[in-house]
Amino acid sequence: MTKSQKNRIATIARYSILTVWALIVAFPLYWMVSTSFKPGEQWFAWPAVYIPDPWTLTNYLDVWTGRQELATSQYIISAQRPWIALGNSALIAFSATTLAVLYGGVIAYGVSRYRMLSEVRMFQLLMLRMIPPIVVVAPLSLYYSALGLLDTWIGLVLIYFLTSLPYAVWMLKSFIDEVPREVEQAAEILGAPRWRTLLEVVLPLVRSGLVATFLFILILTWSEYLLALLLAKTEVVTLPIELSKYQGSTEGRVYGRQAALSVGITIPLIIIGVIIRKHLARGFSFGMIRR
Amino acid sequence: MARIELVNLRKEFGALAAVKDINVTIEDGEFVVFVGPSGCGKTTTLRMIAGFEDPTAGEVRIDGRVVNDFEPKDRGLGMVFQSHALFPHKTVAQNIEFGLRMKKVPPDERRRRVLEVAEMVRLTRLLDQMPAQCSGGESQRVALARTLVTNPSTFLLDEPLSSLDAKLRRELRAECDRLHQALKKTFIYVTHDQEEAMTLADRIVVMRAGVIEQIGSPMQIYSYPVNSFVADFFGSPSMNLLAGEVVHEAGARRFRGFGLSVRLPDRFNGVPAGPITLGIRPEHVDAVPAGDGADPDVELPVRLVEPLGKDTLLYFDVGMERPFVTVSEGIAMAELESGAKLGLTLARDQICLFAADGRRIGSA
């Protein structure tokens, strides 16, 4: 076999494996979207219906406007609930993420420039994230109940902020490490006070990193389920909790509406991702600064 | 005006002493080059002058004032970094303008001074470019312009040319020299390149392992090195160092080693017998084809001939780690076959002797 033949086979093999993998990853997404357009009788149909026939918007109308055309279950959907959940999710996720990125950024700068935390401490910080949430949630709910934080949005913001802080510090530190110390020192010796160096030199250079970190943490908090279930859920309902209510012992299985809601949850993140994709590409490909 | 004094300056990083109690005074308007192998403490010294490192002990004085507790921006210095350290998100013009903006210079004057400086270092055509679009030499000129425009009393340059190729280095070296002459400011320049030091400096400070080995003009350092380290470090190719011994013979002193037996000039009459290192620069060895009627100090077969155009380098094997090198003018020797025997004669008045601890013996 010649070298070029070998190369061609390697390329074919590579693409075949990647294609299979892409299909495996994409199928649930496809299934979610297609189910959201299926009429009720096709949700459970066997053999499975891959392409909705006929296409229908009923699920979306039912979920997002509370309209009840197809009485597939005795459960009556309130028009407001998904919107309230969306509002809660947005408020909680954005607040917690903003806090985590801001505070994490300050810590990351301290670690990167002043070795504020030793390497052991940095690793311990990451270890915090490796404790399964279910382990801490019982004692946490006791604290929360004592502090009156159970079922409040502040309570959720606080716990999301704290649990995503390690990620924020680790990610942002790697971006700040990329900014050469000498660039800051150049600004310093040219007469820039500390805050102007940060604002005019460091911040613009890590902006893409900030955006990437922000989106990463936003996705985590946006889709968090366990803590939201155990620390809130009656007064403050987030989207993942709302979503779970479409499949329970009392409500039955309303796959179509659940899928319609899922699409609604996913779209905001996709929109944000598209808007900031320029930053994401740069933020996730390190070494952007010429030394 | 800036006269910079370093008094018993010391810097320790943990257990490592990078700079050990150095004392230098740099006069106003002087071009001083700190030179030495990597890790000798020269950059740490510069960074202490700039204010980026706090001395463990000792003082940095600018015009008589102790500035140890001054922020870098309050010392009135300008610095050019090895990595250029341009602001990658600002245009060339914005890079140059930065220092003026920080000093709250009004916009009109800012623009005027940026143009003026850009003219001076030939950057006018690049003002709207981003640093990433600039070549290495251009980046270095931007870094220089950015410092120039703030009109500092002293320029600190940390290996500014080490990332450039040889030709550009020579060009920018000349530019540095020209700027120094035009501005009449104090320049402190750090490099590991002895050639840069030789060509640029009014005075050279040779450092090794955190200690100053010698301070002097380029010619002093080259001709009268205080020890074998300095002798070896300066000059390209560097000085031949031959380990041997001094013997007393019929009232005179002779050096013996590597098949060589040389009668030493009278100025070495005080040297006791014993082991010693003889140093001679390649250009101070006369090489002629053997059997030319002359009476050479030693005859050796040439091992390698390296024609450089202007000169020809000849390498001889003397059983040491390093070959013995001589340089002969022109290309007369360029056609020499490897193995051809040459007679070598050492210029007596140029011989240096170094004691076992490296110290040079006897006056010049």
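Residues numbered from 1 in each chain as written. Chains lettered and ligands numbered in written order. Predicted model: local features only at pLDDT ≥ 70, side-chain atom pairs only at ≥ 80, totals over all residues.

Here we look at the overall build of chain A
Note the following rule: Here a strand is any run of E in DSSP of at least two residues, a helix any run of H or I of at least four, and the numbering for each starts at the N terminus. Exposed residues have 12 or fewer other C-beta atoms within 10 Å of their own C-beta, buried residues have 20 or more, and partly exposed residues fall in between, where C-beta atoms are placed from the backbone. Contacts here follow a simple rule: the backbone-placed C-beta atoms of the two residues must lie within 7 Å.
In terms of regular secondary structure, chain A is built from 12 helices and 2 strands. The order of α-helices and β-strands along chain A, N terminus first, is α-α-α-α-α-α-α-α-α-α-β-β-α-α. Residues counted as buried form 33% of the 291 residues belonging to chain A. Counted over contacts in chain A with a minimum sequence separation of 6, partners at least 24 positions apart contribute 73%.

Considerations on the sheet that holds strand β14 (residues 274-280) of chain B
Residues and elements named next belong to chain B. Applied cut-off: Two strands qualify as a pair provided DSSP detects at least 2 bridges between them.
Read from one edge of the open sheet, 6 strands run β13-β12-β11-β14-β20-β21, paired in antiparallel fashion. Every other strand in the sheet has two partners, leaving β13 (260-263) and β21 (360-361) as the edge strands with one partner each. The pairing of β14 with strand β20 (residues 352-354) spans 3 bridges and is antiparallel. Its bridge partner lying in β20, L278 is registered against L353.

Some words on the pairing of strand β3 (residues 31-35) of chain B
Residue and element names in this part refer to chain B. Most of β3 sits inside the fold, with 5 of its 5 residues counted as buried. Of the strand pairs in this sheet, β3 and strand β8 (residues 186-191) are connected by 5 bridges, and their pairing is parallel. If you follow V32 over to β8, its bridge partner there is I188.

Considering the interface of chain B and chain A
For clarity, the threshold we go by: In the scheme used here, Gly and all other residues not listed as nonpolar or charged are polar, with Ala, Val, Leu, Ile, Met, Phe, Trp, Tyr, Cys and Pro taken as nonpolar and Asp, Glu, Lys and Arg as charged.
On the chain A side, the residues contacting the 21 residues of chain B number 18 residues. Within the side of chain B that touches chain A, the residues separate by chemical class into 13 nonpolar, 5 polar and 3 charged.

Describing the packing of helix α3 (residues 81-114) of chain A against helix α6 (residues 153-178) of chain A
Residues and elements named next belong to chain A. Inclusion rule: Comment: axis = line fitted to C-alpha atoms, over the contacting stretch for helices; angle = value between 0 and 180 degrees taken between N-to-C directions. Any angle that is under 35 degrees is reported as roughly parallel, and any over 145 degrees as roughly antiparallel; angles of 65 to 115 degrees are reported as roughly perpendicular and all others as oblique. For any pair of crossing helices, the crossing counts as left-handed if the nearer helix is rotated counterclockwise from the farther one by less than a right angle, and right-handed if it is rotated clockwise.
Taken N-terminus to C-terminus, the directions of α3 and α6 make an angle of 40 degrees; their axes are 6 Å apart at the nearest point. One element, α3, and the other, α6, form an angle in the oblique class. Two packed elements cross with a definite hand, and for α3 against α6 that hand is right-handed. For the contact of α3 with α6, a count of residues per class yields 21 nonpolar, 6 polar and 2 charged.

Side note on the sheet that holds strand β6 (residues 77-80) of chain B
All names here are of chain B. Taking strand neighbours across the sheet as the criterion, the 6 strands line up as β6-β7-β8-β3-β9-β10 in an open arrangement whose pairing is mixed. The strands lining the two open edges of the sheet, one partner per strand, are β6 and β10 (211-216). Put simply, the sheet's adjacent strands are angled 15 degrees from each other on average, direction ignored. Two elements, β6 and strand β7 (residues 154-158), share 4 bridges in a ladder whose sense is parallel. Within the sheet, the bridge partner assigned to L77 lies in β7 and is T154.

Quick look at the domain arrangement of chain A
Residues and elements named next belong to chain A. Cut-off, in case you're wondering: For every domain, the bounds stem from an assignment made automatically or drawn from a database.
Along its sequence, chain A is carved into domain 1 (3-65) and domain 2 (81-284). For domain 1 versus domain 2, the separation of C-alpha centres amounts to 30 Å. The interface is formed by 12 residues belonging to domain 1 together with 10 residues belonging to domain 2. Those elements that provide at least two residues to the side of domain 1 that touches domain 2 are α1 (3-36) and α2 (58-65). A total of 5 residues in the side of domain 1 that touches domain 2 trace back to one element, the largest contributor, which is α2.

Some remarks on the confidence of the model for chain B
Applied cut-off: By definition, pLDDT measures how confident the predictor is in each residue, and it falls between 0 and 100.
In the predicted model, chain B carries a mean pLDDT of 89, and the fraction of residues at 70 or more is 99%. No element of chain B has a lower mean pLDDT than β13 of chain B, at 84, and none a higher one than β3 of chain B, at 96.

Here we look at helix α4 (residues 119-130) of chain A
Applicable threshold: What a helix is expected to span follows from its residue count: subtract one and scale by 1.5 Å.
For α4 of chain A, with 12 residues, the first-to-last C-alpha span of 17 Å sits near the 16 Å given by 1.5 Å per residue. Of all 12 residues making up α4 of chain A, only 0 are buried, and the element is barely covered by its neighbours.

Structural notes on the nonpolar core
Filter applied, for reference: Each nonpolar core consists of buried Ala, Val, Leu, Ile, Met, Phe, Trp, Tyr and Cys residues. Their C-beta atoms, within 7 Å, join them into a set.
Residues L156 of chain A together with V33, I96, A145, L156 and V206 of chain B are the most contacted members of the largest nonpolar core, which totals 145 residues. Take this core: its biggest share by element is 12 residues, from helix α8 (residues 194-222) of chain A.

A closer look at the packing of α2 of chain A against helix α11 (residues 255-275) of chain A
Residue and element names in this part refer to chain A. Contact geometry for α2 and α11: axes closest at 8 Å, N-to-C directions at 70 degrees. When the interaxial angle is binned, α2 and α11 end up roughly perpendicular. Within the contact between the two elements, α2 uses N59, Y60, D62, V63 and W64 and α11 uses G256, R257, A259, A260, L261 and G264. Looking at the contact of α2 with α11 residue by residue, the class counts come to 6 nonpolar, 3 polar and 2 charged.

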